[in-house]
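Read off the chains here:
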Amino acid sequence: MAHVLVIGASQGIGLETVKAALKAGHRVRAFARSAADIAITDPGLERFTGNALDAGDVASAVEGVDVVVQALGVPASKLLGPVTLFSEATNRLVPAMERAGVRRLIAVTGFGTGDSRDAIGLLQRVPFRLVFGRAYDDKDAQEMRIRKSGLDWTFVRPGVLTPGSATGRYKVLTDPKSWRNGLIARADVAHFIAGEIDHPAHVKQAVVLVG
């Protein structure tokens, strides 16, 4: 079983990944500013309070782990202003992983990031750019920084996120010609990530996840 660091572990896909990885039998270091508030009781869970933009915190968090899952999010209230969290956090994380000798990184970005932007339908492009443009420009920078590293990365690009339990019934789209938007539960994204921890089948690939 792996020792997994989940960055952004207190909510959303990060929290669901903590649950899924623990269920799969992994040891999990849950990294978040509010890590102490994570309401999970499991002997395999370590709560690590830290700031993803603090190089010292990140360097300490990556020590001794096998896999890093980067699952950061920005509140909707901040989407209309400048967004730099994803790129700045990645600029701290990648060097820390390289110094610690940790090679495996699973980064959650989103459908519309990088080369998947071309797959957004014409009718969706204008509203997508208006609402998510700044965040996704920063996610582009995040992915580019990771691509330039020597890490064994996977980009997880989910479609529109929904609540609810994992179904296991979702599509993993690897061919750019098949990429499209769609709904997917956060718990199903976490299910995919847990599977990728166990069996890394998409190293140095970007996948789009839809239900």
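Look up a bit, the structure's there.
Reading guide: rules and limits
- Residues numbered from 1 in each chain as written.
- Predicted model: local features only at pLDDT ≥ 70, side-chain atom pairs only at ≥ 80, totals over all residues.
- Heavy atoms only, no water.
- Axes fitted to C-alpha atoms, helices over the stretch in contact; angles between N-to-C directions.
- Helix = DSSP H or I, 4+ residues; strand = E, 2+ residues; numbered from the N terminus.
- Parallel < 35°, antiparallel > 145°, perpendicular 65-115°, else oblique.
- Left-handed = near helix turned anticlockwise from the far one by under 90°.
- Contact = heavy atoms within 4.5 Å.
- Nonpolar A, V, L, I, M, F, W, Y, C, P; charged D, E, K, R; others polar.
- Phe/Tyr/Trp six-rings, centres within 6.5 Å; stacked < 30°, edge-to-face > 60°.
- Buried < 20%, exposed > 50% of the residue type's maximum accessible area, 1.4 Å probe, protein only.

1. Side note on the packing of helix α2 (residues 55–62) against helix α3 (residues 85–100)
At step 1: Look at α2 against α3: their axes get within 9 Å of each other, and the N-to-C directions meet at 40 degrees. Here α2 is positioned oblique relative to α3, judged by the angle of their axes. By crossing handedness, the relation of α2 to α3 is classed as right-handed. Contact with α2, carried on its side by A55, V58, A59 and V62, involves R92, L93, A96, M97 and A100 of α3 and no other residues of that element.
At step 2: By residue class, the composition of the contact of α2 with α3 is eight nonpolar, no polar and one charged.

2. Concerning the packing of aromatic side chains
At step 1: The tally for this structure, following the rule as stated, stands at three aromatic pairs.
At step 2: Plain terms: the ring middles of F31 and F48 are 5.5 Å apart, the flat faces sit at 15 degrees to each other, and that makes the pair stacked. You can see F31 sitting in strand β2 (residues 27–32) and its partner F48 sitting in strand β3 (residues 45–49), a full 17 residues away along the chain.
At step 3: Judged by its relative accessible area of 16%, F48 falls in the buried class.
At step 4: Summarising the aromatic geometry, the rings of W153 and F155 are spaced 4.3 Å apart at their centres and angled 20 degrees between planes, so their arrangement reads as stacked. Here W153 and F155 have matching classes, each one buried.

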